[in-house]
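Coordinate inspection notes
Below, each chain spelled out in residue letters.
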Amino acid sequence: MITVLSGGTGTPKLLQGLKEIVDPKDLTIIVNTLENNYFSGVYVSADVDTVLYTMADMINDEFWYGVKGDTFITNQRLEELGCPELLRIGDIDRATKIQKTQLMEKYGLSKAVEIQAGNMGIESRIIPMSDEQSDIKIITDIGELEFHDFLIKHHAQPEVLDLKFSNVSPAEGIIDSIRNSQAVIIGPSNPITSISPILSLEGVRDALKETYVVAVSPIIGSDSVSGPASKFMNALDIDVSSVGVASLYEDFLDNIVIDCKDYDKKSQLNQIVNKVTVTNTIMNNLGDKKNLAQIIIDSIP
Ligand code: GDP
């Protein structure tokens, strides 16, 4: 069994490769829920849905959000009615979210996701990190912002000064899944807004110390491959580099996978982590994704 910690862009790319080379039944994916909230009357668990769609081969992998080829009839009608959506939700995607909202209100989020994964024919186990609602605020130079206001309304432009999020309890099965895994893979996700929330769950860091952990750096050189990760790392005074990423995971990390472009950081990284794997970590196509997945799997003792 392999457990993967995931956000909603970088790690799903790796999952596309992993599911081709590992039996999907042997994969458990623990997914960030930090920015979950209600939008347009439905509960949006964006990273969880991205992982669901990725594992069901339905993901719109141009944007890593929503369903490939989806239509936007409801979204357009809402605009015509003078009710534009902050998050533009496609029609098929909306159906998923309506069902998730109903199931969640009845059974809780993780059970809702388990049912939906089954409905989509997904054989891997997908666990949202918590069944509890997080509260996240981004402190910026223009004031305190809600996560999606920062990301969508303000296009992640404001300078980030700090962020704060509430503590939530881990969903059932997370600690056991980490403990019982041959290895845990931390995908190349935003270390601050996607991975840290999972690491801050009670018992997760301790469980990771007892398991072989390999992390892929989402930072190449001195910037993130995409998205605002570097902004958040800067705000928290963390060096924006694979070394900064490794330092966040230092207490439990066994192996860091860095890009060939960062070969010069290998000796510095070796002082923090036992093993440093250098390879191409840019995933532009399925070949890249499978190669990276295979290198990670081969590196597990
Ligand atoms: P979010 O939920 O949209 O923030 O997505 P994630 O947290 O999963 O991931 C965003 C991170 O993935 C960013 O920091 C990117 O630098 C990283 N990323 C995206 N694509 C790649 C890739 O092909 N290779 C690597 N190494 N990192 C990537």
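An account of the accompanying structure is given in this report.

Rules of the game
Residues numbered from 1 in each chain as written. Predicted model: local features only at pLDDT ≥ 70, side-chain atom pairs only at ≥ 80, totals over all residues. Heavy atoms only, no water. Near = heavy atom within 4 Å. Polar contact = N/O pair within 3.5 Å; in protein donor to acceptor, adjacent residues only side chain to side chain. Areas by Shrake-Rupley, 256 points an atom, 1.4 Å probe, with all protein chains shown as cover. 1 Å grid on protein atoms, 1.4 Å probe; cavity = no way out; pocket = protein on both sides within 12 Å on 5 of 7 lines; lining within 4 Å. Sits in = over half its atoms within 2 Å of the grid points. Nonpolar A, V, L, I, M, F, W, Y, C, P; charged D, E, K, R; others polar. Pairing = 2+ DSSP bridges. Helix = DSSP H or I, 4+ residues; strand = E, 2+ residues; numbered from the N terminus. Axes fitted to C-alpha atoms, helices over the stretch in contact; angles between N-to-C directions. Contact = heavy atoms within 4.5 Å. Salt bridge = Lys/Arg side-chain N within 4 Å of Asp/Glu carboxyl O. Buried < 20%, exposed > 50% of the residue type's maximum accessible area, 1.4 Å probe, protein only. Points joined across faces, edges and corners; volume = space filled by probe spheres on them.

Let us look at the site of the ligand. Looking at the ligand, there are 20 residues lining it, with Thr 9, Pro 188, Ser 189, Ser 194 and Val 225 nearest. One of the side-chain nitrogen or oxygen atoms of Thr 9 is found 2.6 Å away from an oxygen atom of the ligand. Within the complex, the protein chains bury 92% of what would otherwise be the 600 Å² of accessible surface of the ligand. Of the pockets mapped on this structure, the ligand occupies the largest pocket. Residue composition of the shell around the ligand, by class: 6 nonpolar, 12 polar and 2 charged.

What follows concerns the sheet that holds strand β9 (residues 183-186). Consider a sheet: its strands pair through backbone hydrogen bonds, and that pairing is either parallel or antiparallel. In space, the 7 strands of this open sheet follow the order β5-β2-β1-β9-β10-β13-β14, with parallel pairing throughout. Strand pairing shows two members of the sheet lacking a second neighbour, β5 (125-128) and β14 (275-279), which therefore form its edges. The average angle at which neighbouring strand axes cross in this sheet is 20°, direction not considered. Contacts from helix α8 (residues 191-199) reach β1 (2-6), β2 (27-31) and β9, with the element oriented near 130° to β1.

This next bit is on the pattern of salt bridges. On inspection of all chains with the given rule, the structure shows 17 salt bridges. A salt bridge links Asp 206 to Lys 209; the shortest N-O distance between them is 3.6 Å. Of the two residues, Asp 206 and Lys 209 both sit in helix α9 (residues 204-209), 3 residues apart, roughly one turn of that helix. On the basis of relative accessibility, which here comes to 46%, the residue Asp 206 falls in the partly exposed class. Looking at Lys 209, the relative accessible area reads 46%, which means it is partly exposed. Here the salt bridges do not stand alone but share partners, grouping Asp 49, Asp 93, Lys 97 and Lys 100 into one network.

As for its position among the elements, Met 55 is in helix α2 (residues 46-55). Judged by relative accessible area, which is 10%, Met 55 ranks as buried. The spacing of Met 55 and Asn 285 is 230 residues in sequence and 16 Å in space, taken between C-alpha atoms. Other than its neighbours up to four places away in sequence, Met 55 contacts Leu 15, Lys 19, Leu 27, Ile 29, Ile 122, Ser 124 and Ile 126.

Its boundaries defined by the atoms lining it, the largest pocket holds a volume of some 1300 Å³. In terms of lining, the largest pocket is formed by 50 residues, of which the most central are Gly 8, Thr 9, Phe 63, Trp 64 and Leu 151. For the lining of the largest pocket, the elements supplying multiple residues, two or more each, are α1 (10-21), α2, α6 (147-153), α8 and α10 (229-235). Class assignment for the residues of the lining of the largest pocket results in 22 nonpolar, 20 polar and 8 charged. Each pocket or cavity is described by its volume, and for the second largest pocket that value is around 220 Å³. Looking at the lining of the second largest pocket, the elements with two or more residues in it are α5 (109-119) and β5. In terms of residue count, the dominant contributor to the lining of the second largest pocket is α5 (5 residues). The residue inventory of the lining of the second largest pocket, partitioned by class, reads 4 nonpolar, 2 polar and 5 charged.

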